[in-house]
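Tertiary structure, described
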Amino acid sequence: MTAALDSSVRKVLDTPHRPGTVRLMTIGFLIYTLLILAGHLIGFPLGYAYLHTVCLDGCALTPGNMRALEQLGLSIPSYATLYTVIQVLYILVSVGIALLIVFKKPGQWVPLGMSAFLVGLSAYEGADYPALAAAYTVLYTPTQFLIGLGMGLLGMYALVTFPNGRFGSRWVLGFYLINCLVVVLSAFLTTPVFALINTVFTMLSFPLLVGILIYRSRRLLTAREQAATKWIIASLSLFILFLLLFFFLVPAFAPADAPALLIINIAGFFGCGINIAGFLMAVLYANAFDIDVFVRRTLVYALLTATLAAVYVGLILGLQFAFASFSPQAAQSPLILVGSTLVIFILFQPLRHGIQRNIDLRFYRSRYDAARTVEAFSANLRQEVNLDQLCEQLLAVVQETIQPTSLSLWICPLEQRKAEGATGEEYLLPREEQSVTDHSHSK
């Protein structure tokens, strides 16, 4: 199933720039992604250490949070580890979806902007980038500008012009230019007054963006364009409700040692996940790629990852248990890790093909049978010399795979081809074929 937009939008989304421009855009996005990931790698140890800090203000945890952890039976290292694992998964999902969009639609500013927004969003939420800026104050401006480049400049352009890449109104363009100015200034100005202005503008930008998208959807977009835009509207609306609930209402009424306040520290990842899901569905409905292909590959690689992880852990634990019966030192041998990794490398392709075949049989049986039928016909085509049998087989294959209401095959006679100036080599029929062969089949 492919959700397609009208021809004008598809032309905008499907027509890339010149190869040189496409290459520069892709390389630029990859450099931006690598810089963001480098910040994550440098900031992870600092963020993990920051998650252990406890004080009344300016730390990861408060004394009330400590009491909440005791109620839940968790220690500070357990909380820090859980937070880091969730953040790593959040980063992988954000960057993975961004790379998928860019490489499926290279050379397009709107998909590129959506992808840059997702990559910047991976750094916007979490403890590593604030800890990095606190430990190295000289990096505050570069990191803020880097995040703003993806979310505030490229990302906001993609959002206010989605899906056709055109502003469509002067006041929409004015909002985007003001947003760009605030983003650039926020990277260089750190005064309390401007910090307050930036915070207020950021909080107001979400409902303003929803209003812009609704305005564009009703006044400037066609019905099919609205099918893609509604996913962004829905995700941003849910995100606003999420912010009001978890960051305003719950802190205002919950006691200081409530576990709910501790959950708020992690809730930001799931709130941003709402936007990630909405952006992904919007790009899918904007005809970036086939929805069935995306779902199918997601199922295949999710099951493959889970299976390989289970096999890897099982191999390590099993081998350690087996070698421990002979020698405790042998159970700690690095050869166990090397051997388990080699087994996973060998099993990757067979498991992938097996899982893909089973998923095709289970969920895409008609497509799987059609592919098998076409492969069998291609094999017979190399050996068949009888034209009548070949035509019958062709009609049977088309009927089985496409299942049309009616089906007919017409072969142009040699006399007509000569009258039209054909050489005879442009057709599949041999030169000695002089008659019209007409095969018809009706369902």
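Analysis parameters
Residues numbered from 1 in each chain as written. Predicted model: local features only at pLDDT ≥ 70, side-chain atom pairs only at ≥ 80, totals over all residues. Heavy atoms only, no water. Helix = DSSP H or I, 4+ residues; strand = E, 2+ residues; numbered from the N terminus. Buried < 20%, exposed > 50% of the residue type's maximum accessible area, 1.4 Å probe, protein only. Contact = heavy atoms within 4.5 Å. Areas by Shrake-Rupley, 256 points an atom, 1.4 Å probe, with all protein chains shown as cover. Axes fitted to C-alpha atoms, helices over the stretch in contact; angles between N-to-C directions. Parallel < 35°, antiparallel > 145°, perpendicular 65-115°, else oblique. Nonpolar A, V, L, I, M, F, W, Y, C, P; charged D, E, K, R; others polar. Arc of directions from axis to C-beta. Lys, Arg positive; Asp, Glu negative; His and termini not counted. Salt bridge = Lys/Arg side-chain N within 4 Å of Asp/Glu carboxyl O. Polar contact = N/O pair within 3.5 Å; in protein donor to acceptor, adjacent residues only side chain to side chain. Disulfide = S-S within 2.5 Å. Core = buried A, V, L, I, M, F, W, Y, C linked by side-chain atoms within 4.5 Å. Expected span 1.5 Å × (residues − 1). Bend = angle between axes of the 7 residues up to and from the residue. Phe/Tyr/Trp six-rings, centres within 6.5 Å; stacked < 30°, edge-to-face > 60°. pLDDT = per-residue confidence, 0-100.

**Description of the overall build of the protein**
Scanning the protein for helices and strands turns up 17 helices and 2 strands. Counting the 443 residues in the protein, one finds 40% classified as buried. Restricting to contacts in the protein with at least 6 residues of sequence separation, those with at least 24 account for 71%. With an accessible surface of roughly 24,800 Å², the protein has 68% of that area assigned to carbon and sulfur atoms.

**So, the packing of helix H6 (residues 128-135) against helix H7 (residues 140-160)**
Direction vectors running N to C along H6 and H7 enclose 150°, while the axes themselves pass 9 Å from each other. One finds that H6 runs roughly antiparallel with respect to H7. Seen from H6, the contacting residues are Tyr129, Leu132 and Ala133; seen from H7, they are Tyr140, Thr143 and Ile147. Tallied by class, the residues present in the contact of H6 with H7 amount to 5 nonpolar, 1 polar and no charged.

**Here we look at the packing of helix H2 (residues 19-50) against H6**
The interhelical angle for the contact between H2 and H6, taken along N-to-C directions, is 80°, at an axis separation of 7 Å. Between H2 and H6, the angle falls in the class roughly perpendicular. Contacts between H2 and H6 involve Leu35, Ile36, Gly39, His40, Ile42, Gly43, Phe44, Leu46, Gly47 and Tyr50 on the former and, on the latter, Asp128, Tyr129, Ala131, Leu132 and Ala135. In the contact of H2 with H6, the residues fall into 10 nonpolar, 4 polar and 1 charged.

**A short note on unusual backbone geometry**
Residue Pro163 is bonded to the preceding Phe162 through a cis peptide linkage, with omega at 0°. Tracing the backbone through its elements, the reader meets Pro163 in the loop between H7 and helix H8 (170-188).

**Thoughts on helix H3 (residues 63-72)**
Within H3, burial applies to Gly64, Asn65, Ala68 and Leu69. The buried residues of H3 all sit within an arc of 145° when viewed along its axis, so they share a single face. Where H3 terminates, the next one or two residues include Gly73, which has phi positive at roughly 75°.

**Quick look at the side chain of Asp128**
Topologically, Asp128 is positioned in helix H6. The buried charged residue Asp128 lacks any salt bridge partner; its closest oppositely charged side chain belongs to Arg67, at an N-O distance of 27 Å. A polar atom in the side chain of Asp128 sits 2.5 Å from the side chain of His40. Those residues in contact with Asp128, other than ones at most four positions away along the chain, are His40, Gly43, Phe44, Gly47, Gln87 and Ile91.

**Some points on the state of the cysteines**
Using the criterion set out here, one finds 1 disulfide in the structure. Each sulfur of the disulfide joining Cys55 and Cys59 lies 1.9 Å from the other. For the disulfide bridge between Cys55 and Cys59, the dihedral angle about the S-S bond is near 110°, and by the sign convention the bridge is right-handed. For Cys55, a relative accessible area of 22% gives the class partly exposed.

**Observations concerning the nonpolar core**
Tyr79, Met114, Val160 and Ile232 are the most contacted members of the largest nonpolar core, which totals 69 residues. With 12 residues, helix H4 (residues 76-104) is the single largest residue contributor to this core. When residues no more than four places from it in sequence are discounted, the contact partners of Ile232 are Met114, Leu159, Phe162, Leu213, Gly278, Phe279 and Ala282. Counting 6 residues, the second-largest nonpolar core is a separate cluster that includes Leu304, Leu308, Ile344 and Ile355.

**Quick word on the side chain of Asn65**
Positionally, Asn65 belongs in helix H3. Residue class for Asn65 comes out buried when judged on its relative accessible area of 6%. The contacts of Asn65, once residues within four sequence positions are left out, are Ala60, Ala256, Leu261, Leu262 and Asn265.

**Some remarks on H7**
Here H7 contains 21 residues, and its C-alpha end-to-end distance of 28 Å stays within 8% of the 30 Å for a straight helix at 1.5 Å per residue. In H7, a bend of some 40° at Gly148 exceeds every other bend along the element.

**Remarks on the environment of Phe248**
Within the secondary structure layout, Phe248 lies in helix H10 (residues 223-253). Setting aside anything within four residues of it in sequence, one finds Phe248 in contact with Met203 and Leu243.

**Remarks on the packing of aromatic side chains**
A full pass over the atoms with the stated rule returns 11 aromatic pairs. Ring geometry for Phe117 versus Phe279: centroids 5.3 Å apart, planes at 80°, classification edge-to-face. Separated by 162 residues along the polypeptide, Phe117 in helix H5 (residues 109-124) and Phe279 in helix H11 (residues 259-285) bring together distant segments of the chain. One aromatic cluster is present, formed by Tyr79, Tyr83, Tyr90 and Phe269 through successive ring pairs.

**Here we look at the environment of Pro142**
For Pro142, the location among the structural elements is in helix H7. Sequence-wise, Pro142 and Phe188 are 46 residues apart; in three dimensions their C-alpha atoms are separated by 9.0 Å.

**Digging into the confidence of the model for the protein**
For the protein, per-residue confidence averages 77 on the pLDDT scale, and residues scoring 70 or more make up 77% of the total. Across the protein, the secondary-structure element scoring lowest on mean pLDDT is strand E2 (residues 438-442), at 43, and the one scoring highest is H7, at 91. pLDDT under 50 marks residues 422-443. Its contacts with residues more than four places away, or in other chains, come to 49 contacts.

**Thoughts on the environment of Ser122**
Along the chain, Ser122 falls in helix H5. For the pair Ser122 and Phe269, spaced 147 residues apart in sequence, the C-alpha to C-alpha distance is 9.0 Å. Not counting chain neighbours up to four residues away, the residues in contact with Ser122 comprise Ile36, His40, Tyr90, Ile91, Ser94 and Val95.

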